[in-house]
Amino acid sequence: MRESGAEWTVVRAGFITQNFSEAFLVELVRAGVVALPVGDVAEPFVDAEDIADVAVAALTENGHAGQIHEVTGPRLLTFADAVGEIARVTRREVRYLPVTPEQFVSSLTGRGVSTEYASKLASLMVEVFDGRRANVTDTVERILGRPPHDFAEYARKAAATGVWDARAESSDGA
């Protein structure tokens, strides 16, 4: 890319907060146990809106060519911290359970996920959640002139939609 001669900008982010209210994590939150093979690694959970806003700025404003924008949330949280925030705002018992990759695969396949997909997801989590992203950046503030959205704010908004309500499970097919 750098050697192509074309202008480029990279917008890179870690674990997106909305993963807790979309995709496979919503089912785990509803069940009350978020079992993942990620240990106690701290992550700068980032809101998808912040990523999108930085990407729009990079595409529509001058000064971003040749830049790599690392987008993070404002603080580091472990998965136990994040799940604790969700439990607090939902007023439900929801806990994080660290598991081995093998236990994670077994859990997913027991819910009908293919072994191939479950294994790839487990391998990806082990590789990605190794601590390499345990830092926060000033990218959102520097580019957008505002602080990044905090996980607690996301959790409050998501909880207000009822997405984590156990009754929502029967209405959306999850």
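See above for the structure.
These notes cover the structure that comes with them. Note that the structure is predicted; figures quoted are calculated from it, not measured. (Residues numbered from 1 in each chain as written. Predicted model: local features only at pLDDT ≥ 70, side-chain atom pairs only at ≥ 80, totals over all residues. Heavy atoms only, no water.)

Considerations on the packing of helix α4 (residues 101-110) against helix α5 (residues 115-128)
Reasoning step 1: Where α4 meets α5, the closest approach of the two axes is 9 Å, and the angle between their N-to-C directions is 145°. Both α4 and α5 take part in a crossing whose hand is right-handed. Within the contact between the two elements, α4 uses P101, F104, V105, L108 and T109 and α5 uses T115, A118, S119, L121, A122, M125 and V126.
Reasoning step 2: Taken together, the residues of the contact of α4 with α5 sort by class into nine nonpolar, three polar and no charged. (Axes fitted to C-alpha atoms, helices over the stretch in contact; angles between N-to-C directions. Helix = DSSP H or I, 4+ residues; strand = E, 2+ residues; numbered from the N terminus. Left-handed = near helix turned anticlockwise from the far one by under 90°. Contact = heavy atoms within 4.5 Å. Nonpolar A, V, L, I, M, F, W, Y, C, P; charged D, E, K, R; others polar.)

With respect to the pattern of salt bridges
Reasoning step 1: Evaluation of the coordinates by the stated rule reveals twelve salt bridges.
Reasoning step 2: Between R111 and E27 there is a salt bridge, and its shortest N-O distance comes to 2.9 Å. Separated by 84 residues along the polypeptide, R111 in the loop between α4 and α5 and E27 in helix α1 (residues 24-31) bring together distant segments of the chain.
Reasoning step 3: Relative accessible area serves as the criterion here: at 33%, R111 is assigned to the partly exposed category.
Reasoning step 4: Overall, the relative accessible area of 25% leaves E27 in the partly exposed class.
Reasoning step 5: R146 is the partner of D53 in a salt bridge, and the nearest nitrogen-oxygen pair spans 2.8 Å. A residue pair is termed long-range when its members are at least 10 positions apart, and D53 in helix α2 (residues 48-60) and R146 in the loop between α6 (139-144) and α7 (151-161) qualify at 93 residues.
Reasoning step 6: By relative accessible area, D53 is classed as partly exposed at 32%.
Reasoning step 7: A residue is classified by how much of its surface remains accessible, and R146, at 22% relative accessible area, is partly exposed.
Reasoning step 8: One salt-bridge network, in which partners are shared between bridges, spans R75, E85, R88 and D150. (Salt bridge = Lys/Arg side-chain N within 4 Å of Asp/Glu carboxyl O. Buried < 20%, exposed > 50% of the residue type's maximum accessible area, 1.4 Å probe, protein only.)

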